[in-house]
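An overview of the molecular structure
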Amino acid sequence: MAKAKSPKVAAGASSAKPMLLSGGNPQIAKGYGDAPVQAYIAAMPGWKSEVGRRLDQLIMRAVPEAQRAVKWNSPFYGMEGEGWFLGIHCFAKYIKVAFFRGISLKPVPPVESKSKDTRYFHIHEDDQLDEAQFVSWVKQASQLPGERM
């Protein structure tokens with residue numbers, strides 16, 4: 001993870017609603033800090049915005065010192081000098097939470113990745129989020145070396 005930078009605002013940024021990319025993922029300008037992540041969450045379509053807000057709250061309560069950024073149209077959470085431990089991405093029918101060292105978490109998140117270390121957790125509209133399990137994964141992930149992106 002790069003050193004935390006001040007939040008950046010895209011040139012010509014306005015209050016216009018962000019464009020949704022293929023699969024319903026919001027197109028948000030790259031930026032560091034809370035503001036771009038909150039812009040992404042606000043632009044998540046339908047039920048996903050409320051779930052995105054809850055995920056952000058749970059992550060930041062579990063790891064208050066976590067750094068946030070939007071890169072590649074996805075929010076990332078990481079530790080200063082340690083890299084990114086988690087990313088979120090919208091798809092048409094679910095939200096994908098990527099734990100970049102997920103294979104080391106207990107229990108291992110359920111969805112495999114092409115990357116041997118990464119594991120995913122998918123959240124669908126009618127799913128009940130097991131908040132205790134999610135927070136446990138977040139805390140564990142924050143203690144592991146993150147991805148350098």
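Each remark here, short or long, concerns the structure printed above.
Here's a quick rundown of the structure. A quick note: this is a predicted structure, and the numbers were derived from the prediction, not measured.

Inspection of the secondary structure puts Ser49 in helix H2 (residues 47–62). Side-chain polar atoms of Ser49 contact the backbone oxygen of Ile41, separated by 2.8 Å. Among all residues touching Ser49, those that are not within four sequence positions of it are Ile41, Ala42 and Met44.

In this section: the pairing of strand S5 (residues 94–99). Counting buried positions along S5 gives five out of six residues, so the element sits mostly inside the fold. Taken together, strand S4 (residues 83–90) and the strand that follows it, S5, pair antiparallel across an intervening segment of three residues. As paired strands, S5 and strand S7 (residues 119–124) are joined by six bridges and run antiparallel to one another. The partner of Lys96 across the bridge, within S7, is His122.

Let us now look at the packing of aromatic side chains. Using the criterion set out here, one finds seven aromatic pairs in the structure. Among the aromatic residues, those joined into a ring-pair cluster are Trp72, Phe76, Trp84 and Phe100. Positioned above the aromatic ring of Tyr120, the side-chain terminus of Lys96 is 4.4 Å from the ring centre.

In space, the seven strands of this open sheet follow the order S1-S2-S3-S4-S5-S7-S6, with antiparallel pairing throughout. What marks the edges here is a single partner per strand, and that holds for strand S1 (31–32) and strand S6 (111–112). By the bridge criterion, two bridges tie S6 to S7 in an arrangement that is antiparallel. Residue pairing in the sheet places Val111 in a bridge with Tyr120 of S7. Together, S1, strand S2 (67–71), strand S3 (74–79) and S4 form the strand contacts of helix H1 (residues 34–43), whose direction differs from that of S2 by roughly 55°.

A few words now on the packing of H2 against helix H3 (residues 131–142). Close contact between H2 and H3 brings their axes to 9 Å; oriented N to C, the two are set at 50°. Classified by the angle between their axes, H2 and H3 sit oblique to one another. As for how H2 packs across H3, the hand of that crossing is right-handed. Contacts between H2 and H3 pair Arg54, Leu55, Leu58, Ile59 and Ala62 from the former with Glu131, Phe134, Val135, Val138 and Lys139 from the latter. A per-class count over the contact of H2 with H3 returns seven nonpolar, no polar and three charged.

The next thing to look at is unusual backbone geometry. The phi torsion of most residues other than glycine is negative, and most of the peptide bonds are trans. In this structure, Pro107 follows Lys106 across a cis peptide bond, with omega equal to -15°. The backbone phi angle of Trp72 is positive, close to 50°, even though this residue is not glycine. Within the secondary structure, Trp72 sits in the loop between S2 and S3. Judged by relative accessible area, Trp72 falls into the exposed class, the value being 57%. For Asn73, which is not glycine, the phi torsion reads 60° and is therefore positive.

The rules behind these values
Residues numbered from 1 in each chain as written. Predicted model: local features only at pLDDT ≥ 70, side-chain atom pairs only at ≥ 80, totals over all residues. Heavy atoms only, no water. Helix = DSSP H or I, 4+ residues; strand = E, 2+ residues; numbered from the N terminus. Polar contact = N/O pair within 3.5 Å; in protein donor to acceptor, adjacent residues only side chain to side chain. Contact = heavy atoms within 4.5 Å. Buried < 20%, exposed > 50% of the residue type's maximum accessible area, 1.4 Å probe, protein only. Pairing = 2+ DSSP bridges. Phe/Tyr/Trp six-rings, centres within 6.5 Å; stacked < 30°, edge-to-face > 60°. Lys NZ or Arg CZ within 6 Å of the ring centre and 35° of its normal. Axes fitted to C-alpha atoms, helices over the stretch in contact; angles between N-to-C directions. Parallel < 35°, antiparallel > 145°, perpendicular 65-115°, else oblique. Left-handed = near helix turned anticlockwise from the far one by under 90°. Nonpolar A, V, L, I, M, F, W, Y, C, P; charged D, E, K, R; others polar.

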